[in-house]
Amino acid sequence: MVQQRIDRLDKKILQLISQDARIPFLEVARECNVSGAAIHQRIQKLRNMGVLKGSEFIVDTYKIGYQTCAYVGVMLADVKMFNAVVEELKKIPEVVECHYTTGKYAMFVKIYAKDNRHLLHIILEKLSVIPGIDGTETFQLSLDEIFHRQLSVFDVDPNVDLDEEEEL
C-alpha cells in the first residue's frame, strides 16, 4: 500500500480550516494560491487518510442550561470490560469526552450537567450502574472554560514555496 504524505499545502489547508471550519473553500484556495478544485481534492484526501474527522459547531453549554462541567475518573472492575463500558458511556449524552488513561483510573470523562444535583444524578444513576465500572471519583468542577482550540501544529512559513514536499 502506498503511504500518502502530508505536504506544505496540506498543512496550510489544515491551518486555515482548524482556525475556522466554516471558511469557504474558495477563500482557502485564494490563501493557498491554488484552484478551488485542488482544495476539494486535498480535503477529500485528508478525510480519506483519517486526518480530518469531520467538522462541528461549538455549543455554548452555559447558554443552554448546562452550567456544571466535571472531570471524573472511572475505575474498572476488569480492564477487559473497557470496550463495553465505552459503548455504555456513549449512550449518556452528558458525557462529552472519554480518555483511556494510565494510573489509578482506566478512564477519564468530561461531563456537562445542568447543576450539581443533575451531576449527582448522572454519576449515581447513569455511571455507577454500568456493568464493569468499579467506582468513580470527581476531580474538579470547571468554573469556566477560558479557551478551547484545535491543535494547531501546522504553522506554514509564508516564505517557503507550498510545492516543496515535507513529511508530517
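Cut-offs applied
- Residues numbered from 1 in each chain as written.
- Predicted model: local features only at pLDDT ≥ 70, side-chain atom pairs only at ≥ 80, totals over all residues.
- Heavy atoms only, no water.
- Helix = DSSP H or I, 4+ residues; strand = E, 2+ residues; numbered from the N terminus.
- Buried < 20%, exposed > 50% of the residue type's maximum accessible area, 1.4 Å probe, protein only.
- Contact = heavy atoms within 4.5 Å.
- Areas by Shrake-Rupley, 256 points an atom, 1.4 Å probe, with all protein chains shown as cover.
- Pairing = 2+ DSSP bridges.
- pLDDT = per-residue confidence, 0-100.
- Axes fitted to C-alpha atoms, helices over the stretch in contact; angles between N-to-C directions.
- Parallel < 35°, antiparallel > 145°, perpendicular 65-115°, else oblique.
- Left-handed = near helix turned anticlockwise from the far one by under 90°.
- Nonpolar A, V, L, I, M, F, W, Y, C, P; charged D, E, K, R; others polar.

### Description of the overall build of the chain
A count of helices and strands for the chain gives 5 helices and 4 strands. For the chain, with 168 residues in total, the buried portion stands at 34%. Sequence-distant contacts in the chain: of pairs separated by 6 or more residues, those separated by 24 or more amount to 70%. Counting only carbon and sulfur atoms, one obtains 51% of the accessible surface of the chain, whose full area is about 11800 Å².

### Here we look at the pairing of strand β3 (residues 107-113)
Judged by how many residues are buried, β3 sits mostly within the fold: 6 of 7 residues are covered. Pairing geometry for strand β1 (residues 68-76) and β3, over 7 bridges, is antiparallel. Looking at β3, one finds that C69 is bridged to Y112. As defined by bridge partners, strand β2 (residues 95-100) adjoins β3 across 5 bridges and the pair is classed as antiparallel. Directly across from E97, in β3, lies its bridge partner K110. The turn joining β2 and β3, which pair antiparallel and follow one another in sequence, is formed by 6 residues; a positive phi near 95 degrees is taken by G103.

### Comments concerning the environment of I111
Note that I111 resides in strand β3. I111 sits in the buried class, given a relative accessible area of 0%. Sequence separation between I111 and C98 is 13 residues, and the spatial gap between their C-alpha atoms is 9.3 Å. Look past the residues within four positions of I111 in its chain and what remains in contact with it is T68, C69, A70, V72, E94, V95, L119, I122 and L127.

### As for the confidence of the model for the chain
Considering every residue of the chain, the mean pLDDT works out to 88; 89% of them sit at 70 or more. Looking over the chain, one finds the lowest element-wise mean pLDDT in strand β4 (residues 133-142), namely 90, and the highest in helix α4 (residues 82-89), namely 97. This model gives residues 161-168 a pLDDT under 50, and the stretch forms 21 contacts once residues within four places in sequence are excluded.

### Re the packing of helix α1 (residues 8-19) against helix α2 (residues 25-32)
Across the interface, α1 lies against α2 with an axial gap of 10 Å and an inter-helix angle of 130 degrees. In terms of their interaxial angle, α1 and α2 are classed as oblique. Of the two possible hands of crossing, α1 and α2 adopt the one that is right-handed. Residue-level contacts link L9, K12, I13, L16 and I17 of α1 to V28, E31 and C32 of α2. Looking at the contact of α1 with α2 residue by residue, the class counts come to 6 nonpolar, no polar and 2 charged.

### A look at the side chain of D10
Structurally, D10 can be placed in helix α1. D10 sits in the buried class, given a relative accessible area of 0%. Beyond its immediate chain neighbours, meaning those up to four positions away, D10 contacts R5, R42, K45 and L46.

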